[in-house]
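The primary structure of each chain is shown beneath.
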Amino acid sequence: MKLELPSSITKIELDGRDFYIKRDDLVDPYLSGNKFRKLYALIKTPKQNLKRVISYGGTQSNAMLSIAYMCHKKGWEFTYYTKPISKTQEILSDGNYKKALEFGMKHIQVSLDEYKEYISSLRFNLDPFTFVVDQGGAIKEAKEGLKVLADEIKELSFSSLASPSGTGTTALFLATSLPKHKVYTIPCIGDEAYLRQELEALSPIPPNLSILKPKKKYHFAKPYVEFLEIYHKLLGLGVEFDLLYAPSLWLALLEQTDEDILYIHSGGVYGNTTMLARYTKKGIYV
Ligand SMILES: *Cc1c(COP(=O)(O)O)cnc(C)c1O
């Protein structure tokens, strides 16, 4: 794997304000953004130390795609568990899912009744050659890769950073590795209470992590006209962002902050084709 490190910085002017973007999206097309940082410790693991990786979550997941690619490169088996998938046609045409299968991912559907128990039993009697990556890459090993990112950031002169949250792993370990920096994030899956709960499962929440509030309640992975608007605005400035996480944070940064910010691009643009098709299907254009 040829990885573009340290990732570069792009400056943009958005609504009359300067923003700086750390281009983690350019590290690798499939191992991009925070998934690259979160999987860093595994990427650095010698091939022969593992035989298989197990993970679980949704079929649109960016983490799923990155793990599939990593395992493909390493020659590790990859088994991915999901709840039963209903809208088969829609899922089969999903960019991330299709690509992950091409990378050799073995997909297993677990019935709704059994799912929770099944997932919590994945680590029982695990052999030393199997590694379990929790949903979205929320593993404590993620800290190592985020420390590498933090070291790249320390070389720069920014004191405020921004990164959107799903599990919150990225924002959390960025904040713990850079205690003098302010790290802005926003919950994109569930609300603030849910995010805090996810964070606390990994580590105590540091005081320099600032959780912004979305102006309205957004449901994860649903199309919103204001998301598409900010996506196009940013694209027009030369940088493509994902449509699931980035729009909400950009909107909040514009409304709720006023200092110079280094936005850590969290990748995930591979899934945009599928999301853009859903916007079109819903008749949402800008
Ligand atoms: C996975 C992902 C996130 C969320 O990262 P967490 O570490 O789970 O908070 C944010 N942005 C993009 C584009 C992602 O793919």
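Structure: see above.
Residues numbered from 1 in each chain as written. Predicted model: local features only at pLDDT ≥ 70, side-chain atom pairs only at ≥ 80, totals over all residues. Heavy atoms only, no water.

(A) Broad picture of the sheet that holds strand E9 (residues 209-211). Across the sheet, 6 strands lie side by side as E1-E2-E10-E7-E8-E9; this open sheet has mixed pairing. Looking along the sheet, the strands with just one partner apiece sit at the ends: strand E1 (9-14) and E9. In this sheet, neighbouring strand axes are inclined to one another by 30 degrees on average, regardless of whether the strands run parallel or antiparallel. By the bridge criterion, 4 bridges tie strand E2 (residues 17-22) to strand E10 (residues 261-264) in an arrangement that is parallel. Bridged to isoleucine 21 within E10 is tyrosine 263. Those strands touched by helix H10 (residues 246-256) are E1, E2, strand E7 (160-162), strand E8 (182-185) and E10, and its axis lies near 145 degrees from that of E2. (Pairing = 2+ DSSP bridges. Helix = DSSP H or I, 4+ residues; strand = E, 2+ residues; numbered from the N terminus. Axes fitted to C-alpha atoms, helices over the stretch in contact; angles between N-to-C directions. Contact = heavy atoms within 4.5 Å.)

(B) Layout of the site of the ligand. Neighbouring residues of the ligand: 15 residues in total, closest Lys35, Lys38, Asn62, Thr167 and Thr170. A distance of 2.6 Å separates an oxygen atom of the ligand from a polar atom in the side chain of asparagine 62. At a threshold of 2 Å from the grid points, most atoms of the ligand map onto the largest pocket. For the shell around the ligand, the secondary-structure elements that each account for two or more residues are helix H1 (33-43) and helix H7 (169-177). Partitioned by chemical class, the residues of the shell around the ligand number 2 nonpolar, 10 polar and 3 charged. (Near = heavy atom within 4 Å. Polar contact = N/O pair within 3.5 Å; in protein donor to acceptor, adjacent residues only side chain to side chain. 1 Å grid on protein atoms, 1.4 Å probe; cavity = no way out; pocket = protein on both sides within 12 Å on 5 of 7 lines; lining within 4 Å. Sits in = over half its atoms within 2 Å of the grid points. Nonpolar A, V, L, I, M, F, W, Y, C, P; charged D, E, K, R; others polar.)

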